Amino acid sequence: MSDVITDTEQVKAVVQGVSAWIPVISALAGGVLTGGVALLVCRVNHRYALEREAAAAAERLRHEQQQTEDKRQKELLYISTELVFVLERFAQGCARVATDDGERDKQDFMRATVIRPELDLNVITGDWRALEPGLAYAIRELPVVKEWSDREIAGMEESEGPPDYTHTMWERKYLYARLGLKAVLQARRLRKLACLPDTRLDATKWSAQPVLWQVWRFERKRRAQMHILRQRELATFHIKMQQRIQADRHSGEQE
């Protein structure tokens, strides 16, 4: 009987001990749960804040890019408007040179009657960086090509000499027809890139573009024919030289 009482007292003691720890355990559990929830809420808020900041940064970047693109389009339109008219006026001047047959002066020298046009790109005030690199290069190259063409014409004139400058006139017409077509091509590219109205350089058969194209094709054909004739003359010359050498050798053997 005393053993039963002892066991009962031990159980009561354990129950009392557990009961004493229940508030502590509850407090700890509540603290852990509260801390976990608070940590979760903090992490969720932090993620949402990061997402909002990323969205805001992306929106700012998109806005800045749009502003940059709008500015580039305005610069492109401005410089294209400048360049188009400069290039087309130059092309028209080239067309006049390409159709200049010249005339005889008082000394009976063949002289050109049309002054060669100038191409000054320094008057352009727009931002060249608004253009595509390849297009900007092709336009910037035109004054260099013109300078080279003028040197070729001067060299031909010097080598040909007075009073007849027929070959110089042909060279002048061909080089300026090619130069004018290059200017027309770049002007068309500018109009297309900047969405400008189409050019009127090909409105009629007397307009600059068809005139330049006709002169260029005619000169290309004439040059090809001249090249064939020179090759034939050279071949004939070599044949005659071989025949002369063989004849001299044969006569020497007979002696």
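That block above? That's the structure.
Residues numbered from 1 in each chain as written. Predicted model: local features only at pLDDT ≥ 70, side-chain atom pairs only at ≥ 80, totals over all residues. Heavy atoms only, no water.

Kindly report on the pattern of salt bridges, identifying the contributing residues and their values.
As enumerated under the stated definition, the model contains eleven salt bridges in all. Between R111 and E157 there is a salt bridge, with the nearest N and O atoms lying 3.8 Å from each other. Here the residue R111 occupies a position in strand β2 (residues 110-111), and E157 occupies one in helix α2 (residues 133-160), the gap between them amounting to 46 residues. What makes R111 partly exposed here is its relative accessible area of 32%. Salt bridges sharing partners connect three or more residues here, namely R116, E118, K146 and D150. (Salt bridge = Lys/Arg side-chain N within 4 Å of Asp/Glu carboxyl O. Helix = DSSP H or I, 4+ residues; strand = E, 2+ residues; numbered from the N terminus. Buried < 20%, exposed > 50% of the residue type's maximum accessible area, 1.4 Å probe, protein only.)

Can you break down the side chain of K146 residue by residue, with the values?
Within the secondary structure layout, K146 lies in helix α2. Residue classification places K146 among the buried residues on the basis of a relative accessible area of 7%. Sequence-distant contacts of K146, that is, excluding residues within four places in its chain, are made with F90, P117, E118, L119, Y176 and L179. (Contact = heavy atoms within 4.5 Å.)

Any chance you could break down the packing of α2 against helix α3 (residues 166-193) for me, citing the residues and the numbers?
Packing of α2 against α3 leaves a shortest axis separation of 9 Å and a crossing angle of 175°. Taken together, the axis directions place α2 and α3 in an arrangement best described as roughly antiparallel. Considered class by class, the residues forming the contact of α2 with α3 number 14 nonpolar, six polar and ten charged. (Axes fitted to C-alpha atoms, helices over the stretch in contact; angles between N-to-C directions. Parallel < 35°, antiparallel > 145°, perpendicular 65-115°, else oblique. Nonpolar A, V, L, I, M, F, W, Y, C, P; charged D, E, K, R; others polar.)

Could you give an account of the environment of S159, with specific residues and numbers?
Within the fold, S159 resides in helix α2. Using a relative accessible area of 57% as the deciding quantity, one classes S159 as exposed. A distance of 2.9 Å separates the side chain of S159 from the backbone oxygen of M156, its partner in a polar contact. (Polar contact = N/O pair within 3.5 Å; in protein donor to acceptor, adjacent residues only side chain to side chain.)

Any chance you could break down the environment of V211 for me, citing the residues and the numbers?
You can see V211 is positioned in helix α4 (residues 208-254). Sequence separation between V211 and Q92 is 119 residues, and the spatial gap between their C-alpha atoms is 9.5 Å.

Help me get a handle on α2, residues and values and all.
Compared with an ideal rise of 1.5 Å per residue, which puts 28 residues at 40 Å, α2 spans 40 Å between its outermost C-alpha atoms and is within 8% of the ideal. At L142, α2 shows its largest bend, some 30°, and a proline, P143, comes one to four positions later. Here α2 has its buried residues at L135, A136, A138, I139, L142, V145, K146, S149 and I153. Just downstream of α2, G161 is the residue with a positive phi angle, here 75°. (Expected span 1.5 Å × (residues − 1). Bend = angle between axes of the 7 residues up to and from the residue.)

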